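What the coordinates show
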Amino acid sequence: MLEEFNRDVSPLTQVNKTELKRKVYPSVMEVKLVTTKARAGFTDSYYAEEYLKDLPVVLVEADKEYKGKYLAFEVDGDSMEPEYYAGDIVICREIKRNLWQYKLHYKDWDFVIAHGTQGIMLKEIVNHDTDTGDIICHSLNSNGKYDDFTLNLKEVSFLYNVVEHRRSGRAKRQNR
């Protein structure tokens, strides 16, 4: 059957596998995987070196040496479906606290928010009031059980933007 398929395919659409070159990255970053899941729904002690040293790592191929602090989080819950599913891994870059006073680039990134009392959450930020420090957090799941809510950045321990998303093997295909 495969021979039939190959015979019916134009030679222009066939790809010679020897012509494909695998991209080689000059370096690999080790990013700690926070085992407290980022609810698609860690306070200061979670970021302490004593906590981080025993965490597993995720290897991220890098085309250059990146600056900043990176952490990886496993997604939990369904509030960010269909973009993120439980079991997915998000690689995140820390946004330093002194930058929170300026307008966040919330149209460019999704965020992992480490809230002092509500824990770790993965959300889309849809508004940031720099005068009050309030951010409006939004869930992507349109099933109606997740309302937008407001957090004040004074209550947030850490803020990360999602720079890479790794899909778990259990996720369904999208756009069907």
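The rules behind the values
Throughout, a residue's number is its position along its own chain's written sequence, starting from 1. Whole-chain, interface and lining totals are the exception, using all residues; otherwise, since this is a predicted model, local features are given only for residues with pLDDT of at least 70 and side-chain atom pairs are given and counted only at 80 or more. Side-chain metrics rest on all non-hydrogen atoms present in the structure, leaving aside hydrogens and water. Each residue gets one of three labels from its accessible area relative to the maximum for its type: buried under 20%, exposed over 50%, partly exposed in between, using a 1.4 Å probe on protein chains only. Numbering goes from the N terminus for both helices and strands, where a helix is a DSSP run of H or I of at least four residues and a strand is a run of E of at least two. Think of it this way: DSSP has to see at least two bridges between two strands before they count as a pair. By nonpolar core we mean a set of buried residues, namely Ala, Val, Leu, Ile, Met, Phe, Trp, Tyr and Cys, connected to one another through side-chain atoms within 4.5 Å. A pocket, in this scheme, is an open set of points on a 1 Å grid over the protein atoms alone with protein on both sides within 12 Å along at least 5 of 7 lines, while a cavity is a set where a 1.4 Å probe fits but cannot get out; residues line either one if an atom lies within 4 Å of a point. Grid points are joined across faces, edges and corners, and a volume is the space filled by probe spheres set on the points. Each residue is assigned to one class: nonpolar for Ala, Val, Leu, Ile, Met, Phe, Trp, Tyr, Cys and Pro, charged for Asp, Glu, Lys and Arg, and polar for all the others, Gly among them. Each salt bridge in this description consists of a side-chain nitrogen of Lys or Arg and a carboxyl oxygen of Asp or Glu lying within 4 Å of one another.

Description of the pairing of strand β3 (residues 70-76)
- Counting buried positions over the 7 residues of β3 gives 5, a clear majority of the element.
- Strand direction decides the pairing type here: β3 and strand β4 (residues 89-94), joined by 5 bridges, are antiparallel. Along β4, the bridge assignment pairs Glu74 with Ile89.

Focus: the nonpolar core
- In this structure, Phe73, Val90 and Val112 are the most contacted members of the largest nonpolar core, which totals 16 residues.
- If you list the elements that add at least two residues to this core, you get β3, β4, β5 (111-115), β6 (119-129) and β9 (156-166).
- Tyr106, Phe111, Met121 and Ile125 belong to the second-largest nonpolar core, a separate cluster that totals 14 residues.

Notes on unusual backbone geometry
- Cis geometry marks the peptide bond from Glu81 to Pro82, where omega comes out at 10°.
- Within the secondary structure, Pro82 is located in the loop between β3 and β4.

Topic: the layout of surface pockets
- Estimates place the volume of the largest pocket at around 300 Å³.
- Residues belonging to the lining of the largest pocket are distributed by class as follows: 6 nonpolar, 3 polar and 5 charged.

With respect to the pattern of salt bridges
- Here the structure, examined in full by the defined rule, presents 3 salt bridges.
- Ionic pairing is found between Asp78 and Lys145, a salt bridge with its closest N-O pair at 3.6 Å. With Asp78 in the loop between β3 and β4 and Lys145 in the loop between β7 (134-138) and β8 (149-152), this pair connects stretches of sequence that are 67 residues apart.
- Overall, the relative accessible area of 22% leaves Asp78 in the partly exposed class.
- One salt bridge connects Asp88 with Arg167, and the closest N-O pair in it is separated by 3.4 Å. Separated by 79 residues along the polypeptide, Asp88 in the loop between β3 and β4 and Arg167 in the segment after β9 bring together distant segments of the chain.
- Residue Arg167 is classed as partly exposed on the basis of its relative accessible area, which comes to 36%.

Coordinates in, geometry out; function isn't part of it.
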